[in-house]
Amino acid sequence: MGSPCHFALFDLQPGFRLDQELLAARYREMARQIHPDRFADASEREQRLALEQSASLNEAYSTLKSASQRARYLLALRGPELPLEVTVQDPDFLLQQMQLREELEDLHDSADLAGVAQFKRRLKVAQDELNESFAVCWDDASRREEAERLMRRMQFLDKLSHEVRQLEERLDD
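Please read these numbers as outputs of a predicted model, since none were measured by experiment.

Quick look at the nonpolar core
Inference 1: Of all hydrophobic cores here, the largest spans 40 residues; its most connected members are Phe10, Phe16, Phe119, Phe134 and Leu160.
Inference 2: Of all elements in the fold, only α2 (20-34), α3 (44-65), α4 (67-78), α5 (91-110), α6 (113-137) and α7 (144-172) reach the threshold of two or more residues within this core.
Inference 3: Excluding anything up to four places from it in sequence, Phe10 contacts Leu23, Arg26, Tyr27, Met30, Leu57, Ala60, Tyr61 and Leu64.

Structural data, given as structure tokens:
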């Protein structure tokens, strides 16, 4: 997991609901303080330390900034390390995944920018709903399986969201 806890690094309480503006402000402040350029005249050891601190800070920030990564991190703090890829024991969601993928392929084939924008909005609503569901159950030990299932769904929607952005960029060119 690496020390210290990502939340402690930013002086935040571990939790799923985070003030993203506060996180970003604390990140920028800390990044300025430990930026490797500030150590250009320092010893080789201090320069290496600054680089390591900077890398740790960036990793912690990107983990906490992303809802699905934050969810995964919180679950890992609370219990056994989670395998990265798990065959989803979630037939309803598997069906939904296939439908979303097909829909995205159709949008790609038809180069329908308006359709892509609409798809993106629906995806955002689905992500918000998943985030809310996860926020409600992540720290309840009796609901761990549900939290893990939600986190995996979040990861899938993140990947899909990334693909939608790539499609938008291609269609915009």
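Quick notes on unusual backbone geometry
Inference 1: Positive phi, close to 55 degrees, is recorded for Asp11, a residue that is not glycine.
Inference 2: Along the chain, the position of Asp11 falls in the loop between α1 (6-9) and α2.
Inference 3: In this model, Ala111 sits at a positive phi of 50 degrees, which is unusual for a non-glycine residue.
Inference 4: Mapped onto the secondary structure, Ala111 falls in the loop between α5 and α6.
Inference 5: Residue Ala111 is classed as partly exposed on the basis of its relative accessible area, which comes to 46%.

Focus: the environment of Ala114
Inference 1: Relative to the helices and strands, Ala114 resides in helix α6.
Inference 2: Looking at Ala114, the relative accessible area reads 57%, which means it is exposed.
Inference 3: As for Ala114 and Glu168, which are separated by 54 residues in sequence, their C-alpha atoms are 9.9 Å apart.

Examining the pattern of salt bridges
Inference 1: The full count for this structure, using the stated rule, is 10 salt bridges.
Inference 2: The salt bridge involving Glu132 is made with Arg17; its shortest N-O contact spans 2.2 Å. Remark: Arg17 occurs in the loop between α1 and α2 and Glu132 occurs in helix α6; sequence separation between them is 115 residues.
Inference 3: Residues Glu168 and Lys120 are paired through a salt bridge, measuring 2.9 Å at the closest nitrogen-oxygen approach. Of this pair, Glu168 sits in helix α7 while Lys120 sits in helix α6, and the two are 48 residues apart along the sequence.
Inference 4: Taking relative accessible area as the criterion, Glu168 reaches 18% and is therefore assigned buried.

Some details on the UniProt feature "domain: J" (unreviewed entry) in the chain
Inference 1: Residues annotated by UniProt as "domain: J" (unreviewed entry) correspond here to residues 5-77.
Inference 2: Annotated as 71% helix and 0% strand, the span residues 5-77 places its first and last C-alpha atoms 9 Å apart.

Topic: the state of the cysteines
Inference 1: Using the criterion set out here, one finds zero disulfides in the structure.
Inference 2: Its sulfur unpaired, Cys5 is 19 Å from the next cysteine sulfur, which belongs to Cys137.
Inference 3: Residue class for Cys5 comes out partly exposed when judged on its relative accessible area of 24%.

Cut-offs used in this document
Residues numbered from 1 in each chain as written. Predicted model: local features only at pLDDT ≥ 70, side-chain atom pairs only at ≥ 80, totals over all residues. Heavy atoms only, no water. Core = buried A, V, L, I, M, F, W, Y, C linked by side-chain atoms within 4.5 Å. Buried < 20%, exposed > 50% of the residue type's maximum accessible area, 1.4 Å probe, protein only. Helix = DSSP H or I, 4+ residues; strand = E, 2+ residues; numbered from the N terminus. Contact = heavy atoms within 4.5 Å. Salt bridge = Lys/Arg side-chain N within 4 Å of Asp/Glu carboxyl O. UniProt positions renumbered as here; feature names shortened; annotations may be inferred. Disulfide = S-S within 2.5 Å.

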